[in-house]
Amino acid sequence: MVYYTAMRFIVTAGPTREHLDPVRFLSNPSTGRMGFAVARAARAAGHAVTLVAGPVALKTPPGVRRIDVVSARDMLAAVRAEVADADVLVMTAAVADWRPARRAKSKLKKGEMPDTLKLVRNPDILKSMRGPRVRIGFAAETGLPDAEAARKCREKGLDLVVGNDVTRPGSGFGTTTNRVSLVTPDGSVRHLPLMSKLAVAHRIVAFAERIASDG
Ligand code: CTP
């Protein structure tokens, strides 16, 4: 029998919004379901959980502390403020990689809208958070997620990347199920069958517990 001590999880979920003006933004269709499921599963396993959520329409799982954010930079600040004593960081959030170079204070009128939008890169939150003992990322791809997941695992120095092809039926944005592969730094890839996002979440939490107990 293996005993795990309770750990502190930070889980990010949902999309970020990158505003162009108060009423317009760049974003993506993430609903936050996968991240909320990870938060629920980690809490059910007895861990302390902080959930950093982009704009989503989901109820906070019982016993989970939630911090709401809007943009990638807000998410970075929230994770940074929480990360010092965290054991596990699970970044399920679909962070926008770009934001408009300029955010107008009031609504832009049609005539004021530029023909082309100048964008700047957002910070990579996961890459910059080296602190937690266990760091887990996601790779939502359109086709062939394994190679990309392996690349992200290497480049971000992660313990696990959960890859999925968001174009496959039952996977991806807004579904209650997911078909994922678990990719680890040694290059191994484990394909899981289609299952509920909560079942995937339990696998992820169990993986984090194993890595942490390996020391
Ligand atoms: N991520 C992050 N900060 C960003 C972008 C992504 O922390 N600015 C995290 C995501 O939460 C996810 C992982 O990094 O866990 C992979 O995200 P993804 O968008 O798939 O990859 P990118 O690093 O953006 O790479 P690419 O655009 O080349 O696919």
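Residues numbered from 1 in each chain as written. Predicted model: local features only at pLDDT ≥ 70, side-chain atom pairs only at ≥ 80, totals over all residues. Heavy atoms only, no water.

1. Description of the site of the ligand
For step 1, the next point in the chain: Within the structure, the ligand sits among 14 residues, and Met-91, Ala-93, Leu-126, Lys-152 and Lys-156 are positioned closest to it.
For step 2, the next point in the chain: Contact distances for the ligand include 2.6 Å between an oxygen atom and a side-chain N or O atom of Lys-156.
For step 3, the next point in the chain: Of all elements in the fold, only α3 (125-128), β9 (134-141) and α4 (145-155) reach the threshold of two or more residues within the shell around the ligand.
For step 4, the next point in the chain: Tallying contributions element by element places β9 first for the shell around the ligand, with 3 residues.
For step 5, the next point in the chain: Residues of the shell around the ligand, tallied by class, amount to 8 nonpolar, 1 polar and 5 charged. (Near = heavy atom within 4 Å. Polar contact = N/O pair within 3.5 Å; in protein donor to acceptor, adjacent residues only side chain to side chain. Helix = DSSP H or I, 4+ residues; strand = E, 2+ residues; numbered from the N terminus. Nonpolar A, V, L, I, M, F, W, Y, C, P; charged D, E, K, R; others polar.)

2. Points about the side chain of Thr-92
For step 1, the next point in the chain: In this structure, Thr-92 sits in the loop between β6 (88-91) and β7 (98-100).
For step 2, the next point in the chain: At 2.5 Å, the side chain of Thr-92 and the backbone oxygen of Thr-12 are in polar contact.
For step 3, the next point in the chain: Once residues lying within four places of it in the same chain are set aside, the contact partners of Thr-92 are Thr-12, Ala-13, Met-34, Gly-35, Val-38 and Phe-138. (Contact = heavy atoms within 4.5 Å.)

3. Some points on the nonpolar core
For step 1, the next point in the chain: Counting 33 residues, the largest nonpolar core has Phe-9, Val-90, Ile-136 and Ile-204 as its most contacted members.
For step 2, the next point in the chain: Going through the elements one at a time, β1 (8-13), α1 (33-44), β4 (48-53), β6, β9, β10 (160-165), β12 (180-183) and α5 (197-213) are the ones with two or more residues in this core.
For step 3, the next point in the chain: Not counting residues within four places of it along the chain, the set of residues in contact with Phe-9 comprises Ala-42, His-47, Ala-48, Val-49, Thr-50, Val-88, Val-90, Val-205 and Ala-208.
For step 4, the next point in the chain: Counting residues in each nonpolar core, the second largest holds 21 residues, with Ile-10, Met-75, Val-83 and Val-183 among its members. (Core = buried A, V, L, I, M, F, W, Y, C linked by side-chain atoms within 4.5 Å. Buried < 20%, exposed > 50% of the residue type's maximum accessible area, 1.4 Å probe, protein only.)

4. Description of the sheet that holds β4
Sheet strands pair by backbone hydrogen bonding; their relative direction is either parallel or antiparallel.
For step 1, the next point in the chain: Ordered in space as β5-β4-β1-β6-β9-β10-β12-β13, the 8 strands form an open sheet in which the pairing is mixed. The outermost strands of the open sheet, each flanked by one partner alone, are β5 (65-68) and β13 (189-191). Adjacent strand axes in the sheet meet at a mean angle of 15°, parallel and antiparallel pairs treated alike.
For step 2, the next point in the chain: Judged from the 6 bridges that link them, β1 and β4 form a sheet pairing that is parallel. For Arg-8, the partnering residue across the bridge sits in β4 and is Ala-48.
For step 3, the next point in the chain: Its contacts with the sheet place α1 against β1, β4, β5, β6 and β9, and it is angled at close to 170° to β4.
For step 4, the next point in the chain: Contacts from α5 reach β1, β6, β9, β10, β12 and β13, with the element oriented near 145° to β9. (Pairing = 2+ DSSP bridges. Axes fitted to C-alpha atoms, helices over the stretch in contact; angles between N-to-C directions.)

5. Details of α4
In an α-helix there are 3.6 residues to a turn, and that puts residues three or four apart on one side.
For step 1, the next point in the chain: Inspection of α4 places Pro-145, Ala-149 and Cys-153 among the buried residues, and these make up the whole buried set. Across the axial projection of α4, the buried residues extend over an arc of 70°, all falling on one side. Away from its buried face, by an angle of more than 90 degrees, α4 presents the exposed residues Ala-147 and Arg-154.
For step 2, the next point in the chain: Looking at the packing, one finds that the buried side of α4 touches β9, β10 and β12.
For step 3, the next point in the chain: Positive backbone phi, approximately 60°, marks Gly-157, located one or two places after α4. (Arc of directions from axis to C-beta.)

6. A word on the pattern of salt bridges
For step 1, the next point in the chain: The final tally for this structure, using the stated rule, is 9 salt bridges.
For step 2, the next point in the chain: As a salt-bridge pair, Glu-148 and Arg-151 come within 2.7 Å of each other at their nearest N and O atoms. With Glu-148 and Arg-151 both in helix α4 and 3 residues apart, this pair spans about one turn of that helix.
For step 3, the next point in the chain: Glu-148 sits in the partly exposed class, given a relative accessible area of 25%.
For step 4, the next point in the chain: The exposure class of Arg-151 is partly exposed, given its relative accessible area of 29%.
For step 5, the next point in the chain: Glu-155 serves as the salt-bridge partner of Arg-151, at 2.9 Å between the closest nitrogen and oxygen. Here Glu-155 and Arg-151 lie together in helix α4, a separation of 4 residues that amounts to about one turn.
For step 6, the next point in the chain: Look at Glu-155 and you get partly exposed, because its relative accessible area is 43%. (Salt bridge = Lys/Arg side-chain N within 4 Å of Asp/Glu carboxyl O.)

Coordinates in, geometry out; function isn't part of it.
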